[in-house]
Amino acid sequence: MWSSSTTGVERESKESKMGVKTMQDLKDIANKLRINSIKATNASNSGHPTSCCSMAEIMSVLFFNTMKLKISDPRDPSSDRFILSKGHAAPILYAAWAEAGLFPESDLLKLRKIDCDLEGHPTPRLNFVDVATGSLGQGLSCSAGIAYTGKYLENASYRVYCLIGDGESAEGSIWEALSFAGHYKLDNLVAIFDINRLGQSEPTMFQHHMDVYENRLKAFGFNTLVIDGHDVEQIVKALENAANFKGKPTAIIAKTFKGKGLAGIEDEENWHGKPLGAKADNAIKELLAVIANNCPPPQATNPPPNDVPPVDNSPICLSEPPTYTLGDMVATRLAYGSALLKLGTNSKRIVALDADTKNSTFSDKFRKAFPDRFIECFIAEQNLIGVAVGCSTRGRKIPFTSTFATFYTRAFDQLRMAAISQANIKCCGSHCGVSIGEDGPSQMGLEDIAMFRTLPGSTVFYPSDAVSAERACELAANTQGICFIRTSRPNTPVIYSNDEPFAIGKAKVVKKSANDVAVVISAGVTLFEALKAADLLAQQGVNIRVIDLFTVKPLDVATIQSNAKECGGRIITVEDHYNEGGIGEAVAGAVSCCRNTILTRLAVSGVPRSGPPAVLLDMFGISANHIVKAVLEIKDL
């Protein structure tokens, strides 16, 4: 991060380049941004210069007239936020920060090089990027989360500007975000649509039919302004209108041209994602010819107000320990709601979000106690995750999202991008597996463990009882990155004392003898099937060891390997999840280097159906009876 090494004098000089006065200055800077975008993409022999050129005037006005920024500290919490949803136009974002003085213009020529953080699409490796973009259609949800946080959670004056391409506006996630922003009257949010008419392979759906965009955005509750996106005066006035308009978010619908200012390329097809190559020198020469003053005089900075409350980053604990009685029948989803309430009582950084399932996930407990920190996202799971990512930026809040485990699959791309964004979000998925019963397969989370395990840096909790569920939430609140807490619908017995210690990556051996013939590894509802199987086998004089994983990622490899060795290398995994990517595959990886090891994996095979939970567990091969059968088959091998 370039700014971290600047001296006080250097910071002062960098601040002085912000806040130019004249319209000609803004036009000149727009063309300088075009030139630097062309140079950078030519140097890397890849990138999207024409997509940059369509938004040059918008970037010039935003960065050098409108936004309040602290160049010496790009993540200053009081500064305005800019999210480039059309992430392929990253070169012009980098050019704007270079022009502002954050780093030398010469660094732009390192674009897309392996030893440079100026990547093909923006990521938070850069200290001026809050969220990663590039998978199109996601920037507005993140922006809405930032705007909601500023308006309702922090009562701060910073504003949020999101620049959206017209091609990506076909994504449903854009319209989920528009609906959310309109509903919550996020008047500190400005969505700027760069309507340059051309997509990647052909013209966009609505091309330059500006009335279509205007009518749709009005219907979503936006203050809408249609402008010439290359007229700096119109852009300045539109942004001033947005700043003064109360009660609605603003959408600026800018008519632009892809490749603006490039003769023979402007508004022509088949230039998407292509550097100018041999045409670059002539294009730069023509752009230089229209710049009136290549070195605008230094102007006063436009500093942000210091009106964001301080953040307490101390560890977060449950406000009181679990208070259960051994043997109590309590669903882990209910314990999640109790833990969320306790965490919220202890820390104002905790924020809860739900997708209209709060009375099933029990996040409603938090809502009733802290309605000002609860965000109802309705049935729009992609936006749910995007809002949470935005809410988590700059370390201000720790968002806990909740919905049925299976519905997170709808937002997998958002979760994937959240990992690239280094987002600190917590996801609770309830109603997992066939054990939910009669609701049937559409409601059964059977691929969620696999999905969350694939996310880099993620932590996957699978608590089996109420005590471990509360402790999982507490650990998640203090663990950086994406955490998934898998909770179950059925009531399960409390098997841990209230003071039982839990740690990430540490399993629990819940049943053990000196002559166990196999170790059964599980979590959640099937842990109790394993314990039932142990009792049934004991009646036949056969003993097994039972391990409760607690976290599926990271896995307690040492405990698994040592216990498997003590049980003759015989392992059985059982899970209320599909075979692919679940507990069985995780354990298989853990023992793949161990000699003389036999692994039997019990998991749900095929698409389930409606029925009583106990019947479904047996029908799909993960009940106590099937575990008994598997043990008897493996014990003599």
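Predicted model, so just to flag it, every value in this text is computed and none were measured.

Peer 1: How do you make sense of helix H17 (residues 466-477) when you look at a structure like this?
Peer 2: Here H17 is 12 residues long and its end C-alpha atoms lie 17 Å apart, about the 16 Å a rise of 1.5 Å per residue gives. Buried residues of H17: Ala466, Val467, Ser468, Ala469, Glu470, Arg471, Ala472, Cys473, Glu474, Ala476 and Ala477, and no others. With a side-chain oxygen lying 3.3 Å from the backbone nitrogen of Val467, the N-terminal cap of H17 falls on Asp465.

Peer 1: Sorry, what's going on with the pattern of salt bridges here?
Peer 2: When the charged atoms of two side chains with opposite charge come close together, those side chains can pair. On inspection of all chains with the given rule, the structure shows 26 salt bridges. Here Lys218 makes a salt bridge to Glu214, at a shortest N to O gap of 3.5 Å. Of this pair, Lys218 and Glu214 both sit in helix H8 (residues 210-219), four residues apart, which is roughly one turn of that helix. Linking Glu500 and Lys508 is a salt bridge whose minimum nitrogen-to-oxygen distance equals 2.7 Å.

Peer 1: Would you explain the UniProt feature "domain: Transketolase-like pyrimidine-binding" (unreviewed entry) in the protein chain in this entry?
Peer 2: UniProt feature "domain: Transketolase-like pyrimidine-binding" (unreviewed entry): in the numbering of this structure it lies at residues 330-494. In residues 330-494, the share of helix is 39% and the share of strand is 20%. The end C-alpha atoms are 7 Å apart.

Peer 1: Can you walk me through the sheet that holds strand E10 (residues 426-430) in this structure?
Peer 2: Strand order in the open sheet formed by seven strands is E8-E7-E9-E10-E12-E11-E17, with mixed pairing between adjacent strands. The sheet is open, and its two edges are formed by strand E8 (374-376) and strand E17 (550-553), each paired on a single side. Averaged over all adjacent pairs, the angle separating strand axes in this sheet is 20°, with direction ignored. Pairing of strand E11 (residues 459-462) with strand E12 (residues 483-486), which is carried by three bridges, proceeds in the parallel orientation. Bridging across to E12, Thr459 finds its partner in Cys483.

Peer 1: I keep staring at the pairing of strand E4 (residues 223-228) and nothing clicks. Help me out?
Peer 2: Each regular strand displays side chains that alternate between the two surfaces of the sheet. As judged from the six bridges shared by E4 and strand E5 (residues 250-255), these two strands associate in the parallel manner. Note that in E5 the partner of Thr224 across the bridge is Ala251. In the classification by handedness, the crossover that spans E4, the intervening helix H9 (residues 232-244) and the parallel E5 is right-handed.

Peer 1: Is there a simple way to think about the packing of aromatic side chains in this case?
Peer 2: For the coordinates displayed, the defined rule picks out 19 aromatic pairs. Centre to centre, the rings of Phe452 and Phe484 are 4.0 Å apart; their planes meet at 0°, and the pair counts as stacked. On the criterion of sequence distance, the pair formed by Phe452 in helix H16 (residues 448-453) and Phe484 in strand E12 is long-range, its members being 32 residues apart. The same class applies to Phe452 as to Phe484, namely buried.

Peer 1: Even after reading the chapter, I still don't get the sheet that holds strand E18 (residues 570-578), so can you show me in this structure?
Peer 2: Across a sheet, paired strands are connected by hydrogen bonds in the backbone, their directions being either parallel or antiparallel. With respect to topology, five strands assemble into an open sheet ordered E14-E16-E15-E18-E19, the strand pairing being mixed. Strands with a single pairing partner mark the edges of an open sheet, and in this sheet they are strand E14 (508-511) and strand E19 (598-604). Strand-to-strand twist across the sheet, computed as the mean angle between neighbouring axes with direction ignored, equals 25°. Pairing analysis gives three bridges linking E14 to strand E16 (residues 545-548), with the strands arranged antiparallel. Looking at E16, one finds that Lys508 is bridged to Asp548. Running over the sheet, helix H18 (residues 525-538) touches E14, strand E15 (519-522), E16 and E18 and is turned about 170° from E16.

The rules behind the values
- Residues numbered from 1 in each chain as written.
- Predicted model: local features only at pLDDT ≥ 70, side-chain atom pairs only at ≥ 80, totals over all residues.
- Heavy atoms only, no water.
- Helix = DSSP H or I, 4+ residues; strand = E, 2+ residues; numbered from the N terminus.
- Expected span 1.5 Å × (residues − 1).
- Buried < 20%, exposed > 50% of the residue type's maximum accessible area, 1.4 Å probe, protein only.
- Polar contact = N/O pair within 3.5 Å; in protein donor to acceptor, adjacent residues only side chain to side chain.
- Salt bridge = Lys/Arg side-chain N within 4 Å of Asp/Glu carboxyl O.
- UniProt positions renumbered as here; feature names shortened; annotations may be inferred.
- Pairing = 2+ DSSP bridges.
- Axes fitted to C-alpha atoms, helices over the stretch in contact; angles between N-to-C directions.
- Right-handed = clockwise from strand over helix to strand, strands pointing away.
- Phe/Tyr/Trp six-rings, centres within 6.5 Å; stacked < 30°, edge-to-face > 60°.
- Contact = heavy atoms within 4.5 Å.

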